[in-house]
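Each chain is listed here by its residues.
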Amino acid sequence: MESNGGEASRLLREIDTLKAAKSDIEHRISILQSQLGEIVDKEETLSSSCSPVPINDSGVRNGLSPEMIYRYSRHLLLPSFGVQGQSKLLKSSILVVGAGGLGSPALLYLSACGIGRLGIVDHDIVELNNLHQQSKASMNRIDLIIQSDKLISGLNYGFDALIIHTEAYISQSKVTSAAAACRAINSTVQIVEHKEALRTSNALEIMNEYDIVVDATDNLPSRYMISDCCVVLGKPLVSGAALGLEGQLTVYNHNGGPCYRCLFPTPPPTSACQRCSDSGVLGVVPGVIGCLQALEAIKIASAAGEPLSGRMLLFDALSARIRVVKLRGRSLQCEACGENAAFTKQLFREFDYEKFTESPLSASPLKLNLLPRSARISSKEYKEKVVNGEAHVLVDVRPEHHFKIVSLPKSLNIPLSSLEGKLLEISSALKGEEQRSGLVSGSGASLYVVCRRGNDSQRAVQYLHKMGLTSAQDVIGGLESWAHDVDPNFPTY
Amino acid sequence: MQLTLEFGGGLELLCQSVKIHNVDVVLQAGETKLTMRVLLSWIRTNVIKERPEMFMKGDSVRPGVLVLVNDCDWELSGQLDTTLEEKDVVVFISTLHGG
Ligand SMILES: [Zn+2]
């Protein structure tokens, strides 16, 4: 057994070493490809006036190779797009920030349409645990990864995962996974991988290399940061967002239109910032918005049509309504792009976006610590109490629709928002439990409170203590901790 | 005055998850016109059912809410001083950042 364990860890080490070497080689290839692309571009411009006339020059006069003409014929047949639009696309470069629910569909369409160079920024990895969650309710994180066999059968349809990330890329970066999918669709597009989080320290350098930026991120500080960076660099920004059953789309900092700060000079309170992983999202909604982002980026790159600048598209999936509204123009008072704005590269590098918006750059869950340890119990300790048959009441303070997804046996659902009016219900449940287990009233059924991650349960216990139920304790880390430390088969969402 | 009010981007949660409200706003004695300033306080009293601070800050909407009068940003029509007319459609949308 000992030697087996040693063998396994040796293999694991070797796998890690090989993976690191592989990712290093891929990185070097992409650098060489980008250098090659630049050399070819230069040679084309230099030699275009005196290039030898091929025997069959039908495709060459417009700069498109026979392969390109065949591949993009549908585009070329559009009178309002044609050779001119396609040639511009082939020379343009687009950066997509975020390879999740919005970025995945955008990337696929952008690579298929023949953008010259396509950059992808994301720091997330494709997680194995998400694979186990694939068949759960639609409240799942939208960056959930769907197994490839489910792709074909159409189950879970709508998640970005279904679109771009597959099982083969578990534990690799989302950028690697997305880049492989894009190359598989169109190997003639130069795909550049940026496997890092976009920050004020690297944003200027990364974004400067592209003509157009697509914001497909999932958090508020990133949205301000990307918009400001586009203003500083003078790049158009195609911005999309989705939550629940609604989506929003607009183009910032383009053709005299507003930037993000012109519209929202002051960040909203953090309590108004919902995340898909908490509030839910129907995967096809970011899918629709991501496709529209690709469309707007293509329109700008090819100078076709009217970009969605100074206007915003609002998508309401439930009522099947799309409304396009007129926005204010560039604000003279805007701190980023206004008349007297002095928002320089230096200022951008030093700006603290997390402080400005009071929320983290990565959409990681909040971890509160409101209670002393004596008012808390770990999920393992709670398990002991259950096994020992201790008389107790477990109150689950999650919203009702969460409770319906999964709950612990015999738990009592009283959502935090209605706790105030349900104190009597808790008291009578405690009395019932005391009678059932033959305890003298008042001497003792314990009161435990649980929620999804252990934040709301602490708020509830604080309130219960204030209302005289001083023995209430919260289960640290909530149901996520129960699933992690006690019952690995307990579903998480 | 007959108006259509619409709430989106999560603001509908403050009015019992109803997105579209057809309302009849009666002008107070002495008032000759209905401005957005007056309408906002009317909505706060008559339409918003919970957490009014998630809808308003001071006498205007809270940061992160777009106000559209007949599909136009209210910045273009005078913000709080925008005068409303019969059958106008006023939309309140909270900005989304998920993706
Ligand atoms: Zn601006």
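This one's a predicted model, so the numbers in the text were calculated from it and none came from an experiment.

Calculation criteria
- Residues numbered from 1 in each chain as written.
- Chains lettered and ligands numbered in written order.
- Predicted model: local features only at pLDDT ≥ 70, side-chain atom pairs only at ≥ 80, totals over all residues.
- Heavy atoms only, no water.
- Helix = DSSP H or I, 4+ residues; strand = E, 2+ residues; numbered from the N terminus.
- Rg over C-alpha atoms; globule rule 2.2 N^0.38 Å.
- Buried < 20%, exposed > 50% of the residue type's maximum accessible area, 1.4 Å probe, protein only.
- Contact = heavy atoms within 4.5 Å.
- Areas by Shrake-Rupley, 256 points an atom, 1.4 Å probe, with all protein chains shown as cover.
- Lys, Arg positive; Asp, Glu negative; His and termini not counted.
- Charge placed at Lys NZ, Arg CZ, Asp CG, Glu CD.
- Buried area = accessible area lost by both parts, 1.4 Å probe.
- Salt bridge = Lys/Arg side-chain N within 4 Å of Asp/Glu carboxyl O.
- Polar contact = N/O pair within 3.5 Å; in protein donor to acceptor, adjacent residues only side chain to side chain.
- Nonpolar A, V, L, I, M, F, W, Y, C, P; charged D, E, K, R; others polar.
- Patch = residues over 30% accessible without salt bridge, like charges linked within 9 Å, V, L, I, M, F, W, Y side chains within 5 Å.
- pLDDT = per-residue confidence, 0-100.
- Pairing = 2+ DSSP bridges.
- Right-handed = clockwise from strand over helix to strand, strands pointing away.
- UniProt positions renumbered as here; feature names shortened; annotations may be inferred.
- Donors = N, O, S within 2.8 Å, 3.2 Å for Na, K, Ca; no water.
- Tetrahedral: all angles 85-135°; square planar, octahedral: opposite > 155°, others 65-115°.

**Student:** Got a minute to help me understand the overall build of chain B in this structure?
**Tutor:** A tally of helices and strands in chain B yields one helix and nine strands. Counting from the amino terminus, helix and strand elements in chain B follow one another as β-β-β-α-β-β-β-β-β-β. The C-alpha radius of gyration of chain B comes to 13 Å, within 12% of the 13 Å expected for a compact globule of 99 residues. Taken along its principal axes, the extent of the C-alpha atoms in chain B is 45 × 30 × 25 Å. Per-residue burial for chain B yields a buried fraction of 53% across its 99 residues. In chain B, of all internal contacts separated by at least 6 residues, the share reaching a separation of at least 24 is 58%. Of the roughly 4500 Å² that chain B leaves accessible, carbon and sulfur atoms contribute 48%. For chain B, the distance from the average site of its 9 positive side-chain charges to the average site of its 14 negative ones is 6 Å.

**Student:** I tried to follow the interface of chain A and chain B on my own but got confused; where do I start?
**Tutor:** Accessible area lost during the coming together of the parts is what is often quoted as the interface size. The interface of chain A with chain B comprises 36 residues on the first partner and 28 residues on the second. Buried area between chain A and chain B, both sides added, is near 2600 Å², and the carbon and sulfur share of it is 57%. Contact with chain B buries surface across chain A, with A:Glu246, A:Arg323 and A:Arg328 losing the most and accounting together for 22% of the total. Taken together, chain A and chain B are joined by seven salt bridges. Put simply, A:Arg323 and B:Asp71 hold a salt bridge, and the shortest N to O gap is 2.8 Å. One can count 14 residue pairs in polar contact (both at pLDDT 80 or more) joining chain A with chain B. Looking at the side of chain A that touches chain B, the elements with two or more residues in it are helix H11 (220-233), strand S5 (237-243), strand S6 (246-252), helix H12 (260-263), strand S7 (311-316) and strand S8 (321-326) of chain A. Counting residues per element, the side of chain A that touches chain B draws most heavily on S8(A), which supplies five residues. Grouping the amino acids of the side of chain A that touches chain B by side-chain chemistry returns 20 nonpolar, eight polar and eight charged.

**Student:** It is not clear to me how the side chain of B:Thr35 should be interpreted in this structure. Could you clarify?
**Tutor:** In this structure, B:Thr35 sits in strand S3 (residues 34-35). Owing to a relative accessible area of 13%, B:Thr35 belongs among the buried residues under this scheme.

**Student:** Hey, could you run me through a nonpolar patch on the surface in this one?
**Tutor:** All names here are of chain A. A cluster of nonpolar side chains, Leu245, Leu282, Val284 and Leu318, forms an exposed patch at the surface whose accessible area comes to about 330 Å². Position of Leu318 among the secondary structure elements: in the loop between S7 and S8. On the basis of relative accessible area, Leu318 is assigned to the exposed category, the value being 68%.

**Student:** Sorry, what's going on with the confidence of the model for chain A here?
**Tutor:** Parts of the model with low pLDDT should not have their predicted coordinates read in detail. Residues with a pLDDT of 70 or more make up 84% of chain A, whose mean pLDDT is 85. Here residues 49-55 of chain A scores under 50 on pLDDT; set against residues more than four positions off or in separate chains, the count is one contact.

**Student:** Just checking my understanding: could you explain the pairing of strand S2 (residues 117-121) of chain A for this structure?
**Tutor:** Look at any regular strand and the pattern is simple: side chains alternate between the two faces of the sheet. Residue and element names in this part refer to chain A. Judged by how many residues are buried, S2 sits mostly within the fold: four of five residues are covered. Here five bridges tie strand S1 (residues 93-97) to S2, and the two strands are oriented parallel to one another. Bridge assignment links Val96 to a residue of S2, and that residue is Ile120. Taking the sense of rotation as the criterion, the β-α-β connection linking S1, helix H5 (residues 103-113) and S2 turns out right-handed.

**Student:** So what exactly am I meant to see when it comes to the UniProt feature "active site" (unreviewed entry) in chain A here?
**Tutor:** Residue and element names in this part refer to chain A. With numbering aligned to this structure, UniProt lists the feature "active site" (unreviewed entry) at Cys276 and Cys451. Counting through the fold element by element, Cys451 comes out in the loop between strand S12 (446-450) and helix H20 (456-466). Residue class for Cys451 comes out buried when judged on its relative accessible area of 4%. What Cys451 contacts, discounting residues up to four positions off in sequence, is Asp396, Val397, Arg398, Asp456, Ser457, Gly478 and Leu479.

**Student:** I tried to follow the sheet that holds strand S10 (residues 392-396) of chain A on my own but got confused; where do I start?
**Tutor:** Across a sheet, strands are paired by hydrogen bonds formed along the backbone, either parallel or antiparallel in direction. Residue and element names in this part refer to chain A. Strand order across the open sheet formed by five strands is S9-S13-S12-S10-S11, with parallel pairing between neighbours. Where the open sheet ends on each side, the last strands, each with one partner, are strand S9 (376-377) and strand S11 (412-413). The pairing of S10 with S12 spans five bridges and is parallel. Looking at S12, one finds that Val395 is bridged to Val449.

**Student:** Hey, could you run me through helix H21 (residues 478-486) of chain A in this one?
**Tutor:** Note on helix geometry: an α-helix contains 3.6 residues per turn, so any two residues three or four positions apart are oriented the same way. The set of residues buried in H21(A) consists of A:Gly478, A:Leu479, A:Ser481, A:Trp482, A:Ala483 and A:Val486. Looking at the buried side of H21(A), the elements it contacts are helix H17 (379-387), S10, S12 and strand S13 (473-475) of chain A.

**Student:** Is there a simple way to explain the coordination of the zinc ion in this structure?
**Tutor:** Six octahedral donors around a metal ideally subtend angles of 90 or 180 degrees, whereas four tetrahedral donors ideally subtend 109.5 degrees. Residue and element names in this part refer to chain A. Protein coordination at the zinc ion comes from Cys259 (SG), Cys262 (SG), Cys334 (SG) and Cys337 (SG), with a distance range of 2.2 to 2.3 Å. Considering all four donor atoms around the zinc ion, the spread of angles at the metal, 93 to 118 degrees, places the coordination shape in the tetrahedral class. Every donor residue of the zinc ion comes from the same chain, spaced as C-x2-C-x71-C-x2-C. Here the residue Cys262 occupies a position in helix H12, and Cys334 occupies one in the loop between S8 and helix H15 (345-350), the gap between them amounting to 72 residues. Of the two residues examined, Cys262 and Cys334, each falls in the buried class.

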